[in-house]
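If you want the building blocks of each chain, they are given just below.
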Amino acid sequence: MKLRWFILVFVVMIQQILVGQGSASHLLQLDKNWEFRQAGTLNWMPAAVPGVVHTDLLAAGKIQDPFYRLNELDQQWIDKVNWEYRTQFTASEALLSSENIHLVFEGLDTHAEVFLNENKILSADNMFVTWRVDVKPFLKSGNNQLRIYFTSPVIKGMALQEKFGYPLPASNDQSKLGGMGTNQVSIFTRKAGYHFGWDWGPRLVSSGVWRPAYLHGFSNGRISSLHIRQKGITTKEASLEAVIETEATTPGSYVLNVMVNGKPAVSKTVNITTETSLQNIDFKISSPELWWPNGLGKQHLYSITASLSRGDAVLSTETENIGLRTIKLIRKPDAKGGGESFYFEVNGRPVFAKGANYIPNDVFLPRVSPETYEFIVKSAADANMNMLRVWGGGVYEEDLFYDLCDKYGIMIWQDFMYACSMYPGDDDFLNSARREAEDNVKRLRNHACIALWCGNNEIEVAWAQGHEDRGWGWKQEYNAAQRETIWKAYDTLFHHILPKVVDQLTDHQPYWHSSPSAGMGKLSGYESNSGDMHYWGVWHGQHPFSDFRKYRARFMSEYGFQSFPEFNSVKKYTLPEDWNIESPVMASHQRSGIGNLRIRQYMEQDYQIPENFEHLLYVGQLLQADAIKMALKTHRADMPYCMGSLYWQLNDVWPVASWSGIDYYGRWKALHYFAKEALKNQMIQVVIENGKLQVFGVSDTDKKTAALLRLNLADFSGNSLWNRPYKVTLPANGSALLCSIDLKDLPLNYSENKVFLTATLLEGTREIDQEFAYFAKPKDLKLPDPGIKTRISDKGDHFVIEITTQKLCKNLMLISDNSDVLFSDNFFDMQPGETRLITCPANMRWEDFEKGFRVLHLAETMKR
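Residues numbered from 1 in each chain as written. Predicted model: local features only at pLDDT ≥ 70, side-chain atom pairs only at ≥ 80, totals over all residues. Heavy atoms only, no water.

Chemist: Is there a simple way to think about empty space enclosed by the protein in this case?
Modeler: The method is simple in principle: a probe with the dimensions of a water molecule rolls over the atoms, and the space it marks as empty is what remains. Across all of its chains, the model carries 6 cavities of 30 Å³ or more by this definition. As a volume, the largest cavity reaches approximately 160 Å³. Lining the largest cavity are 21 residues, and of these Ser-186, Gly-193, Ala-419, Ser-421 and Tyr-423 lie nearest its centre. The class makeup of the residues in the lining of the largest cavity is 9 nonpolar, 9 polar and 3 charged. Here the second largest cavity defines a volume of roughly 130 Å³. If you trace the second largest cavity, you find 14 residues lining it, with Glu-566, Arg-667, Leu-814, Val-821 and Phe-823 closest to the centre. Ranked by the residues each element gives to the lining of the second largest cavity, the list is headed by strand E40 (residues 809–816), at 3 residues. A class-by-class count of the residues in the lining of the second largest cavity yields 8 nonpolar, 3 polar and 3 charged. (1 Å grid on protein atoms, 1.4 Å probe; cavity = no way out; pocket = protein on both sides within 12 Å on 5 of 7 lines; lining within 4 Å. Points joined across faces, edges and corners; volume = space filled by probe spheres on them. Nonpolar A, V, L, I, M, F, W, Y, C, P; charged D, E, K, R; others polar. Helix = DSSP H or I, 4+ residues; strand = E, 2+ residues; numbered from the N terminus.)

Chemist: Would you take a moment to explain the packing of helix H12 (residues 595–606) against helix H13 (residues 613–637) for this structure?
Modeler: Relative orientation and spacing of two packed helices are given, respectively, by the angle between their axes and the distance between those axes. Closest axis-to-axis distance for the H12/H13 pair is 10 Å, and the angle between their directions is 80 degrees. By the angle between their directions, the pair H12 and H13 is classed as roughly perpendicular. Taken together, the residues of H13 that come into contact with H12 (itself represented by Ile-599, Tyr-602 and Met-603) are Leu-616, Val-619, Gly-620 and Leu-623. For the contact of H12 with H13, the residue count by class is 6 nonpolar, 1 polar and no charged. (Axes fitted to C-alpha atoms, helices over the stretch in contact; angles between N-to-C directions. Parallel < 35°, antiparallel > 145°, perpendicular 65-115°, else oblique. Contact = heavy atoms within 4.5 Å.)

Chemist: For this particular structure, what's the right way to read the layout of surface pockets?
Modeler: A volume near 1,300 Å³ is recorded for the second largest pocket. In this structure, the second largest pocket is lined by 41 residues; those nearest its centre are Asp-626, Lys-629, Glu-771, Phe-772 and Tyr-774. At the level of secondary structure, the elements contributing two or more residues to the lining of the second largest pocket comprise H12, H13, helix H14 (670–678), strand E31 (682–689), strand E37 (766–774), E40 and strand E41 (828–830). Tallying contributions element by element places E37 first for the lining of the second largest pocket, with 7 residues. In terms of residue class, the lining of the second largest pocket is made up of 20 nonpolar, 6 polar and 15 charged.

Chemist: Whenever I open this one, the pairing of strand E17 (residues 276–286) confuses me. Can you help?
Modeler: Side chains on a regular strand alternate between the two faces of the sheet. Burial of E17 is one-sided: the residues Ser-277, Gln-279, Ile-281, Phe-283 and Ile-285 facing one way are buried, the residues Thr-276, Leu-278, Asn-280, Asp-282, Lys-284 and Ser-286 facing the other way are not. Bridge analysis of strand E14 (residues 237–248) against E17 gives 11 bridges, and the strand direction is antiparallel. Residue pairing in the sheet places Glu-247 in a bridge with Thr-276 of E17. (Buried < 20%, exposed > 50% of the residue type's maximum accessible area, 1.4 Å probe, protein only. Pairing = 2+ DSSP bridges.)

Chemist: I'm lost on the sheet that holds strand E35 (residues 734–742) in this one. Help?
Modeler: Strand pairing in a sheet takes place through backbone hydrogen bonds and is either antiparallel or parallel in direction. Strand order in the open sheet formed by 3 strands is E31-E32-E35, with antiparallel pairing between adjacent strands. Every other strand in the sheet has two partners, leaving E31 and E35 as the edge strands with one partner each. With strand direction ignored, the average angle separating the axes of adjacent strands in the sheet is 20 degrees. One ladder, built from 8 bridges, connects strand E32 (residues 692–699) with E35; its direction is antiparallel. Note that in E35 the partner of Val-698 across the bridge is Ser-735. Packing of H13 onto the sheet brings it into contact with E31, E32 and E35, and relative to E31 it is tilted by some 105 degrees.

As structure tokens, then:
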């Protein structure tokens, strides 16, 4: 939020420098002197803008931390009442002298009536749009008063449901927890769905001014949007078109200038006769440098600035940072079999999409800091990801998030904000949906990272139009006339309104109507050979992990497995009496009804279930990491049939047992460390199945790689029992079976639970990848005491941890009890006699870090 405001102020400062004292643009941030109260009461309390009711109540000491223990349950009253916010400010004479003065709210959550000096100037009903209203007639010299009345979103939702005539499906709305019975009213209001609860999140339905608010004064005209169309790119030049939307109150002759990286590119005199108009200006960039996804090249960005002038006065400027690239969704029929490809082609090159699904970083969005955004996006890049899917039950994220994705090369699959529900289709709702789409498409379309717009999450498969035996049972709750009404609303929104907005307002960016889908009119299933797939056989269907190899997808856009946060995270929201996964507190911080039972069911198949609480959390993370590692590597080894793997989910909105790889406090789980290895540009996968040991190789690079694959079978003390080298070739941007061995050809005098195999891929002396493989389940391994020794060195800005093991060490976890640090590697296996160096930031004294440092390995959790 602070960064957004800084940019706004900087733009105005530049305009004032260019124009001088008579600048026609003025900005007044409205972030001070705010108060709030429950409507109908007398007690006004200090408030923050941006902010929401819950965080303001917390700051005022009126509620306890909603995330701690069971506090959430006692705070469900907050969304049943209305709230008022107010502030006062003084408008400068320079601002008041502007021909036009707009009050801008970049986000009002959600049903709000706005009064300026007790004149009603705005009724807002959509959290996802920017509201801009002309307030010049209502401003005055001296003191001005701004008041906002927020109507309870559930009270408003109940009224809208009553008006509609019957409820609509909203599977994840935790209405009973909220005291609403079966009234799942979240879908009747354009507010983030996850605020009403999900199977990984709490029900905390807030209200407030959740994004910046300010007054913007300007004269003559302004640039309201800038769109850079990329018409053609060669090695010699990029042909571009600036589409500039202007808003002018004074018709006449104006000058538009376009600059590239601060240097003039083109100037054009235009005659503006209407209040709003589009101006098109062609320009070129010589010897263009391309933007590439993470791992495939540099993320070069160009700063494009458009300015509007009249006479000697620069009236308005707008800057967009763009990356020169082409991103296409390739859906091409297979030569035989009736299938169809589904992959992204970037700059003419097929790209395997590697990554995860992304949800908001908090229930209370205004408190997500720029540092948190950078940490999350950088963590994705550091784990070798190149795509995140911004899921449709959250929000269209902050500009900063997309800036960071541009910077780090993370492509974005962008859902529109509709998920797991059916929605009304009245004119008011659809008009609001259209405005929401236009607003956010305009805001995000210039970002290099945007790869695809998707209509919704899982609604097509849930409703299953035309398939009486498919779906989630929603259709069966309605009569024929109701079904027709509900489907018409769906068809209008996702098959007509949204694709039309994307087509008209973007540079031919792809639109996909629903995820998952096998194509228009074709439902996605586990046997689909087209479109994208959400595979939940593992977890919901209780399929074995090996079924990740059974069910093949062209693009796997969702799958996952749960785990708990690590013990140091759990301690932040619990007391010792809660340290049992069946305790009320741990159960409340597990929103999948089957969650804890499902983890236990899978755990007992592969691991010994520890009695120690901390050990149980640790083994749960290993179980999750095993599952997702297998899926990621299997999907990549299925190139080019499968060309994308996005697991559920990257992050968390609160401290909880969930499918995330990074917990709410920013700690990488075992999953994220395993994903980092599984998503390297070149990697191997060892599969032991059906009497064979097979090694697959995968490469995202453009060139074939001649390599040596060395297989070594050893006991847990390090004695080599069998060793073989294989000359292999990694294909360019593809996968291959590197070798296949019958298990009966391995030495017969070994015990499967006392040996391990390492597969090491080498190019000369450079190790490309190494994978450990075992011939028995972890619970059956006869793991020895590894004899771990550690030594910590202080290197100034970081610590180096030297780790040595005498015998095999499986899944060594490094723990810092005195600080939150991110280790360069964790949860790894070590060969007998191996020494490994691990680093972490030095954010405290060496002595304190050493006191709080300890390790945990799998053998410690097992009964001897």
